[in-house]
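Residues per chain are reported as follows:
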Amino acid sequence: WHSVLISGWWGGEMCFSECERNKPHPDPYLKAMETLGLSPEDCCVVEDSVPGATAGLAAQVHTIGILTSQTDQVMKDAGVPQTIHDYHELLTEIRESREK
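Rules and cut-offs
- Residues numbered from 1 in each chain as written.
- Predicted model: local features only at pLDDT ≥ 70, side-chain atom pairs only at ≥ 80, totals over all residues.
- Heavy atoms only, no water.
- Pairing = 2+ DSSP bridges.
- Helix = DSSP H or I, 4+ residues; strand = E, 2+ residues; numbered from the N terminus.
- Axes fitted to C-alpha atoms, helices over the stretch in contact; angles between N-to-C directions.
- Contact = heavy atoms within 4.5 Å.
- Expected span 1.5 Å × (residues − 1).
- Polar contact = N/O pair within 3.5 Å; in protein donor to acceptor, adjacent residues only side chain to side chain.
- pLDDT = per-residue confidence, 0-100.
- Buried < 20%, exposed > 50% of the residue type's maximum accessible area, 1.4 Å probe, protein only.
- Right-handed = clockwise from strand over helix to strand, strands pointing away.

(A) Inspection of the sheet that holds strand β5 (residues 82–84) at higher detail. If you walk across this open sheet you meet the three strands as β3-β4-β5, and the pairing is parallel. Either end of the sheet is taken by a strand with one partner, and the two such strands are β3 (44–47) and β5. The average undirected angle you get between the axes of adjacent strands in this sheet is 30°. Across four bridges, β3 lies against strand β4 (residues 62–66) in parallel orientation. Across the sheet, residue C44 finds its bridge partner in β4, namely H62. Strand contacts of helix α4 (residues 87–99): β3, β4 and β5, with the helix running at about 115° to β5, the strand carrying the most contacts.

Below you can see the structure in the form of structure tokens.
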């Protein structure tokens, strides 16, 4: 059972178990984008697993591998174009991009 909670913007919950096919298929991400009225260009996937990253890539969403449970090489071998070490690094990058 997977869910996504987007507080402060959408304030809802989406159960990926509602999808016919789960990760590594793109269905959970496609369903989330459809429900939220977003396109892949509007989204970013942050995943710590190869099946999740594979799903994000298959949904044509920019996918970032977080290296909490996988190595950089494993994520790169799965096709992930960008990796970070932890969520703190992600937040730092977001803050820095806002300052530009």
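That was the structure; now back to the text.
(B) Looking closely at α4. With 13 residues, α4 should reach 18 Å at 1.5 Å per residue; the first-to-last C-alpha distance of 19 Å fits that figure. The N-capping residue of α4, defined by a side-chain oxygen 3.1 Å from the backbone nitrogen of H88, is D86.

(C) Highlighting the confidence of the model for the protein. Summarising the model, the protein shows a mean pLDDT of 85, and 83% of its residues fall at 70 or more. Low pLDDT (under 50) marks residues 1–8, which in the prediction has 20 contacts with non-local residues, meaning those over four places away or in another chain.

(D) Highlighting the pairing of β3. A one-sided burial pattern is seen for β3, the buried positions being V45 and E47 and the unburied ones C44 and V46. A crossover links β3 with its parallel partner β4, the connecting element being helix α2 (residues 50–58), and its sense is right-handed.

(E) Local environment of the side chain of T63. As for its placement among the helices and strands, T63 is situated in strand β4. Exposure remark for T63: the relative accessible area of 0% places this residue in the buried category. Here L57 takes part through its backbone nitrogen, which lies 3.4 Å from a polar atom of the side chain of T63. Setting aside residues no more than four positions away along its own chain, T63 makes contact with V45, A53, G56, L57, V80, P81 and Q82.

(F) Molecular detail of unusual backbone geometry. A cis amide bond, omega 20°, links K23 with the succeeding residue P24. Take P24: it is sitting in the loop between β2 (13–15) and α1 (27–36). At Q60, a residue that is not glycine, the phi angle is positive and equals roughly 65°. Mapped onto the elements of the fold, Q60 is located in the loop between α2 and β4. When its relative accessible area of 65% is taken as the criterion, Q60 is described as exposed.

(G) A look at α1. Every buried residue belonging to α1 is among D27, P28, Y29, A32, M33 and L36, and all of these are buried. Positive phi shows up at G37, right after α1, with a value of about 70°.

(H) Here's a closer look at the pairing of β4. The element β4 is largely enclosed, with a buried count of four among its five residues. Of the pairings in the sheet, the one linking β4 to β5 comprises three bridges and is parallel in character. Considered in β5, the bridge of G65 is made with T83. For the crossover from β4 across helix α3 (residues 72–77) to β5, the handedness is right-handed.

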